[in-house]
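Working through the structure, step by step
Okay, here's what each chain looks like letter by letter:
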Amino acid sequence: MLRVTPDGLYCKAGDFYIDPWCPVDRAVITHAHSDHAHAGCQRYLCSEDCAGVLRARMGPGAAIQSAAWAAPISFQGVTVSLHPAGHILGSAQIRVEHKGEVWVVSGDYKLEPDPTCRPFEPVRCHTFITESTFGLPIYRWRAQPESFAEINAWWRANQKMGRASALFAYSLGKAQRLIAGLDPTIGPILCHGAVENLNRVYRESGVALPPTQYTGDVAKAFDWSRAIIIAPPSANGSSYLRKFGPVSTGFASGWMRIRGTRRRRSIDHGFVLSDHADWPGLLSAIDATGASCVMATHGYRAPLVRWLTEHGLEAMALETRFEGERDESGDTEMVAE
Amino acid sequence: MKRFADLYTALDETTKTSAKVEAIAAYLASSPPEDAVWAINFLIGRRPKRLIEIRKLRAWAIEEAGVPDWLFDESYQAVGDLAELIALLLPAPTATTGLPLHYWVEERLLPLRGQDDARRRESLIGAWREMDERQRFVWNKLITGAFRVGVSQSLVVRAVAQVSGIDANVISHRVMGDWAPTPDFYAQLTGADSSDADISRPYPFCLAYPIEGDIRQLENPGDWQVEWKWDGIRSQLIRRRWHTFLWSRGEELITERFPELEALGSLLPEGTVIDGEILAWKDAAPMPFAQMQRRIGRKALSEKMLRDVPAAIVAYDLLEDGGHDIRESPLETRRARLAEIVRSASQSGHLILSPAVEAASWEDLEALRRTSRERGVEGFMLKRFGSPYRVGRRRGDWWKWKVEPYSVDAVLLYAQPGSGKRASLFTDYTFAIWDKDELVPFAKAYSGLSDEEIRKVDAFVRRNTIEKFGPVRSVKPELVFEIAFEGIQKSPRHRSGIAVRFPRMARWRTDKRAADADTIDTVKALIGS
């Protein structure tokens, strides 16, 4: 039903691509991160919650059609519907049905609750194409409130030491999730321009976020030591940080679970917080689909495939371009971590 | 244990020395002596030898984590550190522990050595079930004998000095040598009483920084005592109360490895401490360091080895004379006294005064320095007349002025991932040079590149892999690096027929192509140059 072509994952019967990596005629988009939503396609289909962010990314000229959650749309007899994936605002799993056979493409997903997007909903299918960014059992997230308590405590401690807190996170999705989890009674939340733009889109889409302010908009004598600044990872080590005075840096990502990755990034504090499923999350999501065939894309595909095969499923790795080689993807904005 | 694990994390997360000192001081100030002394013990790098074989540790962790062997190994590839992998992989703890560090070390860690496997397994799994991830990590590091944390001994000393109010130089001396981590020792360490019970205790070594830039910045050459920089084992020879002790700079007691030097001790006056360099020494000249390596590599010293590779100590300095610490006396006073002591022990033949190099100008010294290689030395040491013998590495009074390293342009041929901080990045490289039209591997190097360059090379390796052999990849021979090294000699064990000492990457030669790399003939010509 779906196969990998040079342009991306293609459905021949319905003549459409899912998250193509080249400009194509018809693209069904799981979510608006740049490794999944490629610019230059003739027509896009995405979830109703995704339309705002996709528009912000693609510009006013793009032809974007949005679909209500779970509403069936027909492409030459192939039925497509979108179901929440819980990754970022508007992120969807794509269900594709043709002649009684059902495939689901997960896109990126997580199972934990996130106030900035709809929670992941398992969809029954025959074949499940799952992401496997964190497809190793060392990746196990702890309860989310603990992570946020740690971030808020770090912010408070920095205030006490008279230094600003700069927290790096991918500007679409992770940034807003973090902002939603911050305790705004601690101090002001300031955002890099790239983040603040998306905050606006989130708010326009009906997501409640605590008040934030663009870092370029504050008065000259502003006391940065009380503030937390949310900025994309590329701001680390750049001149952007200079105006904040003494600053402690933090980075929130699933990769931060590994000490080596934490230390390599030359940041003061690594917080383990991911918008991707951890190992138990992957296994339970796969189980809930009831799929007998699983294809893994992104990251640690091989271990997940072998695990599933040893547990009686038909499983294989799918070569996609959703990332380079494993790990270090946290370094770039190519992969939404 | 939780507090010690928290201390480890705090030290691991900052690179600021003041923050590290604060963290250690806060720990010491709020810990009972029996915990504080263990913390100091571990922080200054005194760690127990591995208590459990890696193979068994792995097997028990796999069992407890409930994962197949292959998945454990895949995960290891991602983490690059066994202690951390086990900490991350095990299920969440079922209990918590409020037991202190000294309990865990004395009642659980050290007894592992004598126990049978069933007991050790039970003890270990019990510990894992009570510990959170941080504690498990530190614990596993201790068990595997790999506990290391990014603090120098001098930072620990500063923290102890801060907590105790005792001068840091005194603390520095007190933590030297062989002591047992007991509350009694902690009391001695931090107490006002300066009497010293341990007759074997060495002094902290005075170390030098390399001189950078123009040597003329040191102004008048007449202000400096110039000595050759010998390439051996820096050590202290101690004679106190009719006993002789020989310490390496790594604070290892090496007396037994050098019977000829131990014998020399009886010729020294009571209460003598000499700072010097142990060298393989024959016919009034040093032998190549490789000979010394051959000797120290042997477990048992044969008569033949003692005959073929005799050792001598080239004396640099005198730290204790007649039982008195004379480190504060001026250099020339100490040296004059040292010369007398060496003379009086001259019959041994194993004690030599490090000769002072006389020269009228820096130009003359520069010319002499170029003869370093043929003399088997690494360049010069410069010591300011009038200076005391300081503690640790300081700028100002002592400088090393080393001969330029050898350098060769070589092609990157193989790469493999590093471990720890460098896990999952390709950071360990093998370099090759031309033998006619074939590239032959000639050196491995891991250091010298910036993080930025490492990332670029890593990306190159991933894009240009030809073949994979386990973790090792052969890559398209394209990148050229200038490899610097200190020594070179023939070696039948290496495919290239040569072995080099301390190879590292001096520069990435982005201006050169593989064809421009050096040939085996030009490199071989360096031997004996």
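Residues numbered from 1 in each chain as written. Chains lettered and ligands numbered in written order. Predicted model: local features only at pLDDT ≥ 70, side-chain atom pairs only at ≥ 80, totals over all residues. Heavy atoms only, no water.

What about the overall build of chain B?
The line we're drawing: Numbered from the N terminus, helices here are DSSP runs of H or I no shorter than four residues, and strands are runs of E no shorter than two. With C-alpha atoms as the basis for the radius of gyration, the globule rule is written as 2.2 Å multiplied by the number of residues raised to the power 0.38. A 1.4 Å probe rolled over the protein chains alone gives each residue an accessible area, and that area as a share of the maximum for its type sets the label: buried under 20%, exposed over 50%, partly exposed in between. Two residues qualify as a contact provided that any one of their heavy atoms is within 4.5 Å of a heavy atom in the partner residue.
When you go through chain B residue by residue, the secondary structure sums to 20 helices and 20 strands. Here chain B has a C-alpha radius of gyration of 26 Å; the compact-globule value for 529 residues is 24 Å, and the two agree. In terms of principal-axis extent, the alpha carbons of chain B reach across some 70 × 70 × 50 Å. Among the 529 residues that make up chain B, the fraction classed as buried is 53%. When contacts within chain B are restricted to residue pairs at least 6 apart in sequence, long-range pairs at least 24 apart make up 70% of them.

Some details on the packing of aromatic side chains
Note the following rule: In this analysis, rings of Phe, Tyr and Trp, with Trp reduced to its six-membered ring, are considered paired at centre separations within 6.5 Å, and the interplanar angle assigns stacked below 30 degrees, edge-to-face beyond 60, and tilted for intermediate values. Two limits define a charge over a ring: the Lys NZ or Arg CZ must be within 6 Å of the ring centre, and within 35 degrees of the ring normal.
Going through the model one piece at a time under the given rule, you end up with 36 aromatic pairs over all chains. Note on Tyr240 of chain A and Phe244 of chain A: the rings are 5.3 Å apart at their centroids and 85° apart in plane angle, and the pair reads as edge-to-face. By relative accessible area, Tyr240 of chain A is classed as buried at 17%. Residue Phe244 of chain A is classed as buried on the basis of its relative accessible area, which comes to 3%. Through a chain of ring-to-ring contacts, the aromatic side chains of Phe4, Tyr8, Tyr27, Trp38, Phe42, Phe137 and Phe147 of chain B assemble into a single cluster. One residue, Arg373 of chain B, lies across the ring of Tyr406 of chain B, its end atom 3.5 Å from the ring centre. Above the face of the Tyr209 of chain B ring, Arg395 of chain B is positioned so that its terminal group lies 3.9 Å from the ring centre.

Quick look at the layout of surface pockets
Where we set the bar: Method remark: on a 1 Å grid restricted to protein atoms, a set of points is classed as a cavity if a 1.4 Å probe fits but cannot get out and as a pocket if it is open with protein on both sides within 12 Å along at least five of seven lines; lining residues have an atom within 4 Å of a point. Grid points are joined across faces, edges and corners, and a volume is the space filled by probe spheres set on the points. Side-chain classes are defined by residue name, with Ala, Val, Leu, Ile, Met, Phe, Trp, Tyr, Cys and Pro counting as nonpolar, Asp, Glu, Lys and Arg as charged, and the others, Gly among them, as polar.
Roughly 1100 Å³ of volume is contained in the largest pocket. Lining the largest pocket are 34 residues, with Asp268 and His269 of chain A together with Ala10, Glu13 and Thr14 of chain B positioned closest to its centre. Those elements that place two or more of their residues in the lining of the largest pocket are α2 (144-160), β16 (247-252), α5 (259-264) and β17 (269-271) of chain A together with α1 (2-13) and α2 (17-29) of chain B. Class assignment of the residues belonging to the lining of the largest pocket gives a composition of ten nonpolar, ten polar and 14 charged.

Comments concerning the pattern of salt bridges
Here is the rule we go by: Each reported salt bridge corresponds to a side-chain nitrogen of Lys or Arg within 4 Å of a carboxyl oxygen of Asp or Glu.
Overall, the coordinates contain 53 salt bridges over all chains when judged by the stated rule. Its salt-bridge partner being Glu97 of chain A, residue Arg95 of chain A comes within 2.9 Å of it at the nearest N-O pair. For Asp275 of chain B, the salt bridge goes to Arg234 of chain B, with nearest N and O atoms at 2.7 Å. Placement of Asp275 of chain B in strand β5 (residues 272-282) and of Arg234 of chain B in strand β3 (residues 233-240) is noted, with a sequence separation of 41 residues between them. Residue classification places Arg234 of chain B among the buried residues on the basis of a relative accessible area of 14%.

Let's talk about the side chain of Arg26 of chain A
All names here are of chain A. Rules: In summary, the charge assignment counts Lys and Arg as positive and Asp and Glu as negative, without counting His or the chain termini. Here a polar contact is taken to be a pair of N or O atoms separated by no more than 3.5 Å, where protein atoms must pair a possible hydrogen donor with a possible acceptor and residues adjacent in sequence count only if both atoms sit in side chains.
One can find Arg26 in strand β4 (residues 26-28). Buried charge Arg26 goes without a salt bridge, the closest partner of opposite sign being Asp25 at 6.1 Å. A polar contact is formed between the side chain of Arg26 and the side chain of Gln65, at a distance of 3.5 Å. In contact with Arg26, other than residues within four places in its own chain, are Asp15, Phe16, Tyr17, Arg43, Leu45, Gln65 and Phe75.

Some thoughts on empty space enclosed by the protein
Residues and elements named next belong to chain A. Under the criterion given, the structure shown has one cavity of 30 Å³ or more. Computed from the structure, the largest cavity encloses a volume of approximately 60 Å³. Taken together, 13 residues make up the lining of the largest cavity; nearest its centre are Val105, Gly107, Ile129, Thr297 and Phe322. It is strand β11 (residues 127-131) that contributes the most residues to the lining of the largest cavity, three residues altogether.

Details of the interface of chain B and chain A
The condition that has to hold: Defined in terms of a 1.4 Å probe, buried area is the accessible area two parts forfeit on being brought together, summed over both.
Each side of the interface is counted separately: chain B has 31 residues, and chain A has 23 residues. For the pair chain B and chain A, the two sides together bury roughly 2500 Å², of which 49% comes from carbon and sulfur. The interface formed by chain B and chain A includes three salt bridges. For Glu133 of chain B, the salt bridge goes to Arg257 of chain A, with nearest N and O atoms at 2.9 Å. Those elements giving two or more residues to the side of chain B that touches chain A turn out to be α1, α5 (69-79), α6 (82-89), α9 (133-143) and α19 (451-463) of chain B. The element contributing the most residues to the side of chain B that touches chain A is α5 of chain B, with seven residues. The class makeup of the residues in the side of chain B that touches chain A is 16 nonpolar, four polar and eleven charged.

Brief notes about helix α6 (residues 279-289) of chain A
Defined as follows: As used here, the arc belongs to the directions running from the helix axis to the C-beta atoms.
Every buried residue belonging to α6 of chain A is among Trp279, Gly281, Leu282, Ala285, Ile286 and Thr289 of chain A, and all of these are buried. Here the buried residues of α6 of chain A occupy an arc of 160° about the axis, which is enough to place them on one side. In the core, the buried residues of α6 of chain A are packed alongside β11, β18 (293-297) and α7 (301-310) of chain A together with α5 of chain B. By the N-cap criterion, in which a side-chain oxygen at the helix start approaches the backbone nitrogen of a residue two or three places on, α6 of chain A is capped by Asp278 of chain A, the distance to Gly281 of chain A being 2.8 Å. Following α6 of chain A by one or two positions, Gly290 of chain A has its phi on the positive side, about 70°.

Observations concerning the domain arrangement of chain A
Residue and element names in this part refer to chain A. We apply this condition: Residue ranges assigned to the domains are those given by an automatic or database domain assignment.
The domain architecture assigned to chain A consists of domain 1 (2-139 + 275-331) and domain 2 (144-271). Between the C-alpha centres of domain 1 and domain 2 the distance comes to 28 Å. For the pair domain 1 and domain 2, the two sides together bury roughly 2100 Å², of which 59% comes from carbon and sulfur. For the pair domain 1 and domain 2, the number of links is two salt bridges. Between Arg177 and Glu112 there is a salt bridge, with its nearest N and O atoms 3.5 Å apart. Inspection of the domain 1/domain 2 interface yields six residue pairs in polar contact (both at pLDDT 80 or more). Tallied by class, the residues present in the side of domain 1 that touches domain 2 amount to eleven nonpolar, seven polar and eight charged.

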